[in-house]
Amino acid sequence: MSEELQEALNLAGDAVTTDSDGAVRLVGSECGDCQKNVFPPSDVCPECMSENLSPIKLSAEGKLYSWSVVHAAPKGWNLPFIAAYVDLPEDVRVFAHIVDADPDTLEMEMSVKAQIATLGSDESGAPFESFAFTPVQKGDS
Amino acid sequence: MRDVAIVGAGMVPFGKYQDKTLADIAWPAVKQAVEDAGIKKTEIEATYCGTALGGMMAGQRILKKLGITGLPIINIENACSSSSTAFREAWITVAAGIYDAVLVIGVEKLTKFGGGTLPLEKEDWEVSHGLVMPALYAMRARRYMHEYGLTENDIADVSVKARKHGVWNEDAQFRKEVTREEVLASRPVADPLKLFHCCPSGDGAAAVVICSAEKAKQYSAKPIRVIGSEINSGKYMTGYRDMTSPKITLRGAKQLYEEAGIGPEDVDLAEVHDAFAIAELLYYEALGFCAKGDAAKLLADGETSVGGKIPVNPSGGLLSKGHPIGSTGVAQIVEIVRQLRGQCGQRQVEDAKVGLTHCTGGGVSGFDHGVCSIHLFAR
């Protein structure tokens, strides 16, 4: 993992990583007993209460379930931002920001892929970053 | 289980009371409820006080002002359902025969946070990534618009109806009508929701006194019977969820109607949790007032306005009254009590016999709502 990316992970912690090709991947937990996937990572399975969980790299791409352009939020967030729910193929729904997108071009069920983005800044003005999603351009993936 | 009835109800107008303490906001509502019941304060055996953000021992801080002390005072936090939960817990104790007379309080002072969206628990993963309540409801709205052809005009019309009712309620913060155009021209909060689609913040308190039905006759010529009480938490889900269908309300309503032995067609009016305009439409369907996808038509036909088949939020709802979150559940009950007693003046629902209150609470990721509490009342 690059130095630059490590600095970028302050909001998501262990819940995000990058592949060797640079693709950003969310990391959840997979239950070794009932195979349920959860995100963010957890020490215990909400299905069977097993503690036999291990990290699972989730798909980089998911489908946009819904979104909203948010104009009112606590101090720190870059406003406006696009809030969204993204469904990943592992039956995990992720709340995330959509970045690098014109809201008028968003469509239900469109493919979006994970990336790292600056989402705001703390009281000292230092930027904070986390995973976000962006629409997959045609011919992209 | 014994039958339970409400014998006294009180509330203070919801508003901005920055300069008052929580206790000073609340005691007049409590006094009003006790006096309305005509009960001696020494006859009150326990108090359940709901507040989400009021701090430690809100009930004690309020009741010492009125000298209602030396009894069990239980403070309850359950987000926006704090005081509907308190009511439910109080109801259980009276129904079970533990107490004969119990006071229930709902109170909140949100102005202490200085405005903006409701402060949520920062330990929550989605909150830590920027989730705010308007965004959550906005995403429900957008998905519903996509699946059922709902328009922005339809959602705006919920606010228009709420404000129209609010004009007639002296306890509401907003008492001026708005037009659809004004709603749509108000500033964007979380697209497609505009400011006038969102309940105002604020401060407030409400209180009721409940008794066993037997004892209630001593105090009131018109006790309001509690004919059903229900509470549920949401089901935690990590994956796909249909956001157009508030499952917790569906489950709760089904359970409640069965318990009360009535159906949605028997309900004469309802106070529902319209924190955001879209929510009211979803609840028409979840509470069984219309079929899935028909909410906008029910509203457009005037059926949920005073004078319609099933008036919803004749008080003006949270959209007009405001939503000092811990007070909301009991304030909804106060409205139903007054409606069933025929005390509501211009907003009176004619010949109201059965009323419903519905209060949810959210802000924790993975739930549709963290909590939902529904009650049924009859005269």
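Everything quoted here is computed from the prediction, not taken from an experiment. (Residues numbered from 1 in each chain as written. Chains lettered and ligands numbered in written order. Predicted model: local features only at pLDDT ≥ 70, side-chain atom pairs only at ≥ 80, totals over all residues.)

### Describing the overall build of chain A
- For chain A, the helix and strand inventory stands at 1 helix and 9 strands.
- Starting at the N terminus, the α and β elements of chain A follow one another as α-β-β-β-β-β-β-β-β-β.
- Computed over the C-alpha atoms, the radius of gyration of chain A is 16 Å, within 12% of the 14 Å expected from 2.2 N^0.38 for a compact globule of 141 residues.
- Expressed as a percentage of its 141 residues, the buried residues of chain A come to 35%. (Helix = DSSP H or I, 4+ residues; strand = E, 2+ residues; numbered from the N terminus. Rg over C-alpha atoms; globule rule 2.2 N^0.38 Å. Buried ≥ 20, exposed ≤ 12 C-beta atoms within 10 Å, placed from the backbone.)

### Some details on the overall build of chain B
- Counting its secondary structure elements, chain B contains 13 helices and 11 strands.
- Once the C-alpha set of chain B is aligned to its principal axes, its extents read approximately 55 × 40 × 40 Å.
- When the 379 residues of chain B are sorted by exposure, 61% land in the buried category.
- Sequence-distant contacts, at least 24 apart, represent 78% of the contacts inside chain B between residues at least 6 apart. (Contact = placed C-beta atoms within 7 Å.)

### Section: the interface of chain B and chain A
- Each partner contributes residues to the interface: chain B has 27 residues there, and chain A has 30 residues.
- Elements with a contribution of two residues or more to the side of chain B that touches chain A: helix 4 (125–128), helix 5 (133–148) and strand 5 (188–190) of chain B.
- A total of 7 residues in the side of chain B that touches chain A trace back to one element, the largest contributor, which is helix 5 of chain B.
- Looking at the side of chain B that touches chain A residue by residue, the class counts come to 13 nonpolar, 9 polar and 5 charged. (Nonpolar A, V, L, I, M, F, W, Y, C, P; charged D, E, K, R; others polar.)

### Quick look at the domain arrangement of chain B
Residue and element names in this part refer to chain B.
- One can read the domain layout of chain B as domain 1 (4–114 + 202–225) and domain 2 (125–199 + 228–378).
- Here the C-alpha centre of domain 2 lies 23 Å away from the C-alpha centre of domain 1.
- Of all the secondary structure elements, the ones that give two or more residues to the side of domain 1 that touches domain 2 are strand 1 (4–11), helix 3 (82–95), strand 4 (101–109), strand 7 (203–212) and strand 8 (224–233).
- The element best represented in the side of domain 1 that touches domain 2 is helix 3, accounting for 7 residues.
- Here the side of domain 1 that touches domain 2 is built from residues that sort into 19 nonpolar, 14 polar and 6 charged. (Domains from an automatic or database assignment.)

### A closer look at the sheet that holds strand 11 (residues 371–378) of chain B
All names here are of chain B.
- On the basis of which strands lie adjacent, the open sheet formed by 9 strands has the order 3-2-4-7-1-8-11-10-9 and mixed pairing. Unpaired on one side and paired on the other, strand 3 (73–76) and strand 9 (269–271) mark the two borders of the sheet. Recorded for the sheet is a direction-independent mean angle of 25 degrees between the axes of neighbouring strands.
- The pairing of strand 1 with strand 7 spans 7 bridges and is antiparallel. In the sheet register, Met11 faces strand 7, and the bridge partner there is Ala206. (Pairing = 2+ DSSP bridges. Axes fitted to C-alpha atoms, helices over the stretch in contact; angles between N-to-C directions.)

### Regarding the packing of helix 3 of chain B against helix 13 (residues 325–341) of chain B
All names here are of chain B.
- Across the interface, helix 3 lies against helix 13 with an axial gap of 5 Å and an inter-helix angle of 55 degrees. By the angle between their axes, helix 3 is oblique relative to helix 13. Counted together, Ser82, Ser83, Ser84 and Phe87 of helix 3 and Ile325, Gly326, Ser327, Thr328, Gly329, Val330 and Ile333 of helix 13 form the full contact between these two elements.
- When its residues are assigned to classes, the contact of helix 3 with helix 13 shows 4 nonpolar, 7 polar and no charged. (Parallel < 35°, antiparallel > 145°, perpendicular 65-115°, else oblique.)

### Structural notes on unusual backbone geometry
- Look at the link from Leu79(A) to Pro80(A): it is a cis peptide, with omega at -10 degrees.
- Examined against the element boundaries, Pro80(A) turns out to sit in the loop between strand 5 (61–70) and strand 6 (81–88).
- Note the cis peptide between Asp191(B) and Pro192(B), where omega equals 10 degrees.
- Mapped onto the fold, Pro192(B) is located in the loop between strand 5 and strand 6 (193–194).
- Backbone geometry at Asp91(A) places phi at a positive 55 degrees, although glycine is not the residue there.
- Checked against the element boundaries, Asp91(A) lands in the loop between strand 6 and strand 7 (92–98).
- The phi dihedral of Ala79(B) is positive, around 50 degrees, even though this residue is not glycine.

### Some details on the environment of Leu131(B)
Residue and element names in this part refer to chain B.
- On the secondary structure map, Leu131 appears in the loop between helix 4 and helix 5.
- Judged by local crowding, Leu131 falls into the buried class, with 22 C-beta atoms found within 10 Å.
- A C-alpha to C-alpha distance of 19 Å links Leu131 and Arg187, two positions 56 residues apart in sequence.

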